[in-house]
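A structural walkthrough
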Amino acid sequence: FKLDHNLISYADLVHEKVLFLNLLEWFNFPVVPMKEEILNFVNILIKHPPAAQKMIGIGAVEFFSQLRPNVEPNLQAIIDGIVDGLFFLPSGLPSSSLSVCYQTRSQPSELFTGYFCQGRSHLPQLEIPPKRTVVKCLKFSTFPWLTLTSTDRHVLSSNESSLRSNNQSLIWSTCELLQDVIMQDFPAEIFLQRPKIVQSLLSLLNLAFGGDGRHRLALQAVSCLQQLCIFLRSRLNFHRDPSFSSTEQGTASQNSSISYCQEARGRPRSRNLSPGSSSPRPSVIGRTVQRPRGDGQDWDAASSSGNSTQANANSRISLHSPPDVGHIDLPDAENEDTLELQMKQLSLPQFCVSILENAIPLLRTGSRRVTMEVLELLVEDMFLIGDAISENVWEDDSLFALELKDKLLLVLGLLGETILYHKTNISAEQPEVMLVHHRMAFISISLLTVRLLQILLPVEKASKVLQKSLLNALFLLSLDVSFSLEYPSIHESIAAYLEQMSTENYNIYKQVSEAAYSIECTCSFMVEVHKKGDKNLSELVELADEALCSLPYHQHLPLLQECIHICSNIWKSAEANSLLQAESQKVLLRLLSHPLLNIKAEAYRCCLEVVKDCLGIHNITKPVSSICHGVHFLLHPKVLYEICTFGLQEDKNEVLCLVAMFIS
């Protein structure tokens, strides 16, 4: 009301830290009214850098990340806009004013004297900025921030240095340590929030093309990244449904915003760090074993104790054996520039796309083992992509979405080039083992590519992706008969994408598909017509009709002879099915009017042979009525009209002679 009537301005409000604390506290009441109004108000406030800085300082990013799963979908979109806005701050912001963890109740020393503090009157009146575009391309962006102890930071730093070493043995052992210990011990999101280890692992992938056994280091890096993807998916599942694993029936795990808000409302504020009450690791879910793990399955047993708000404040305390409990290492985030770290962290979509960018080139190394392990990594990465990136990425015009879209286009282009590489390297000159490798790689990468398209690109939006290499790859796949037979549903998707991406290529595909099907019908017809015993004339006519489409390609002339004999046999009987006669007549007329001269001439020649066979002198002893029945199919007005009107007008001597002989 005061803002609407210019009694106060945003220039005054953006400096009131207690206001931001109270706005977050609003959602900790047992019954929360006006949720949408409060969130929209916060969204307007954070457009001003001082306000955004203060919100980050009191832990708003984590608070809203935990609140998001517990509000309605329309409010989740507003929260996404708020969290996104908090990460678009101008450079040069001082970090000294930022507090480390968010306390849900303001302390007396933090209170200001009111909206109009001394020295504020000279500030310019700020107008409400226009509403910022909401990022629509993300399903999930960043995990709640976890603060590390100095010991933990030292562990990560030591492993970072080892991965950058020139000593291959050290890199190998470090990768093993990461898989067997570090990734089991640290929550998986730590490696995104402090991404140097991930960046080092990605750089190791380039060694796959090197000699002297360096490709083994690339495989180790692939294994580490694959394991990290698996653990991240577990952590993501936990953050989506915090209550799925808890030691108390019907209670929420400590990481959920439900329990976070409940604790802020009703639990004592004591933070006793005794062995029985403290959770040595930050808020990771699941197992009650002594050592916490990074796979999202630890420490729910500890979360049921009354101190889980400490964990939800993202503090991280090192795990010690019982004799060392008195020396627990508390979080010392004051030695870290939290804002700078948060600005440098990798979001889940960035991590997923980085893996695609760096791993796809390894699919062309020529090594079967490298190809298989990289494909396994990409499959795990694809699961995360489906959880992190929305199909709206192609329509989102935010800066983040534009950058993401460019990278995805690059990735799709790389996949197309890789598919074409394996397709063009299949030749008779190569050893059989390499032929098998290229074919298997071609199929596997094609399946991966189509699945990625299905996740990210709705068919109706496929025209927005015009990567030439991808288009050529999809075109080749659409024409691959063995692939279509083995994976019919995938082949249908390929055809649907091709139709949207290139009308020309799609039309070629349709023509080839029709010709291939027609050839199949030709083979089936020739097999059925030579079988002994009674024949299904209706089925034979249907096959003959389909078979004529491919006749110009293979020009198997015995097909014509059998078709005309079938027509003659159908019209012999006076009780013949009229519908069947009409269908067989269509086949005959198509042959007599065929655009190819040799096919038309052969059709007239076959008809002439039937007439000679029925009316020849060798039939003089047979009843006249039975003799004539064989030429009934030629005496229908439509057939006679075709012969007299168009056959006699044919300017080719070969056809004209046959027509003349036929009529005579």
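This text gives an overview of the structure that appears in the document. (Residues numbered from 1 in each chain as written. Predicted model: local features only at pLDDT ≥ 70, side-chain atom pairs only at ≥ 80, totals over all residues. Heavy atoms only, no water.)

For helix H8 (residues 168-185), which comprises 18 residues, the first-to-last C-alpha distance of 24 Å matches the rise-based estimate of 26 Å (1.5 Å per residue) to within 8%. At Leu178, H8 shows its largest kink, close to 50°. All buried positions along H8 are accounted for by Ile171, Thr174, Cys175, Leu178, Gln179, Ile182, Met183, Gln184 and Asp185. Looking at the buried residues of H8, the elements they touch are helix H7 (150-163), helix H9 (190-193), helix H10 (196-204) and helix H11 (215-240). The backbone nitrogen of Ser169 has a side-chain oxygen 2.9 Å away, supplied by the residue at the start of H8, namely Asn167. (Helix = DSSP H or I, 4+ residues; strand = E, 2+ residues; numbered from the N terminus. Expected span 1.5 Å × (residues − 1). Bend = angle between axes of the 7 residues up to and from the residue. Buried < 20%, exposed > 50% of the residue type's maximum accessible area, 1.4 Å probe, protein only. Contact = heavy atoms within 4.5 Å. Polar contact = N/O pair within 3.5 Å; in protein donor to acceptor, adjacent residues only side chain to side chain.)

Okay, the nonpolar core next. Formed by 98 residues in total, the largest nonpolar core has its most connected members in Phe191, Leu201, Leu348 and Phe351. By residue number, the principal contributor to this core is H11, which donates 12 residues. Membership of the second largest hydrophobic core comes to 37 residues, among which are Leu559, Leu560, Trp571 and Ile643. (Core = buried A, V, L, I, M, F, W, Y, C linked by side-chain atoms within 4.5 Å.)

This brings us to the packing of aromatic side chains. Applying the stated criterion to the full structure yields 6 aromatic pairs. Between Trp26 and Phe29, the aromatic rings sit 6.3 Å apart at their centres with planes inclined by 90°, giving edge-to-face as the arrangement. For Trp26, a relative accessible area of 25% corresponds to the partly exposed category. Since its relative accessible area comes to 42%, Phe29 is described here as partly exposed. Over the ring of Trp172 we find Arg216; its NZ or CZ atom is 4.8 Å from the centre of that ring. Over the ring of Phe442 we find Lys423, and its NZ or CZ is 5.1 Å from the ring centre. (Phe/Tyr/Trp six-rings, centres within 6.5 Å; stacked < 30°, edge-to-face > 60°. Lys NZ or Arg CZ within 6 Å of the ring centre and 35° of its normal.)

On the surface, a cluster of nonpolar side chains totalling about 190 Å² of accessible area is made up of Leu479, Ile508 and Val512. Inspection of the secondary structure puts Val512 in helix H23 (residues 503-529). Given the relative accessible area of 38%, Val512 is considered partly exposed. (Patch = residues over 30% accessible without salt bridge, like charges linked within 9 Å, V, L, I, M, F, W, Y side chains within 5 Å. Areas by Shrake-Rupley, 256 points an atom, 1.4 Å probe, with all protein chains shown as cover. Salt bridge = Lys/Arg side-chain N within 4 Å of Asp/Glu carboxyl O.)

With that out of the way, let us pick up the packing of H7 against H10. Viewed as axis vectors pointing N to C, H7 and H10 meet at an angle of 15°, and their least axial separation amounts to 9 Å. Between H7 and H10, the angle falls in the class roughly parallel. In this structure, the crossing between H7 and H10 has a hand that is left-handed. From H7, Leu156, Asn159, Glu160 and Leu163 reach across to H10, where they touch Lys196, Ile197, Ser200, Leu201 and Leu204. The residue inventory of the contact of H7 with H10, partitioned by class, reads 5 nonpolar, 2 polar and 2 charged. (Axes fitted to C-alpha atoms, helices over the stretch in contact; angles between N-to-C directions. Parallel < 35°, antiparallel > 145°, perpendicular 65-115°, else oblique. Left-handed = near helix turned anticlockwise from the far one by under 90°. Nonpolar A, V, L, I, M, F, W, Y, C, P; charged D, E, K, R; others polar.)

Here we take up the environment of Thr371. With respect to the helices, strands and loops of the structure, Thr371 is situated in helix H17 (residues 368-388). Separated by 74 residues in the primary sequence, Thr371 and Ile445 place their C-alpha atoms 9.3 Å from one another. Residue contacts for Thr371: discarding those within four places in its chain leaves Leu363, His437 and Ala441. Separated by 2.9 Å, the side chain of Thr371 and the backbone oxygen of Ser367 make a polar contact.

Let us look at H17. Taking 1.5 Å of rise per residue, the 21 residues of H17 would be expected to cover 30 Å, and the 30 Å separating its terminal C-alpha atoms lies within 8% of that figure. Counting buried residues in H17 gives 15 out of 21 residues, a clear majority hidden from the surface.

Under the criterion given, the structure shown has 13 salt bridges. Between Arg233 and Glu380 there is a salt bridge, with the nearest N and O atoms lying 3.1 Å from each other. Of this pair, Arg233 sits in helix H11 while Glu380 sits in helix H17, and the two are 147 residues apart along the sequence. Taking relative accessible area as the criterion, Arg233 reaches 25% and is therefore assigned partly exposed.

Attention now moves to the packing of helix H16 (residues 348-359) against H17. Running from amino to carboxyl end, H16 crosses H17 at an angle of 150°, the nearest separation of the two axes being 9 Å. Relative to H17, the element H16 lies roughly antiparallel. Crossing of H16 over H17 shows left-handed handedness. On H17, the residues that touch Leu348, Pro349, Phe351, Cys352, Ile355, Leu356 and Ala359 of H16 are Val374, Leu377, Leu378, Asp381, Leu384, Ile385 and Ala388. Its residues placed into classes, the contact of H16 with H17 shows 13 nonpolar, no polar and 1 charged.

Note that every value here comes from positions in space, so none of it alone points to a role or purpose.
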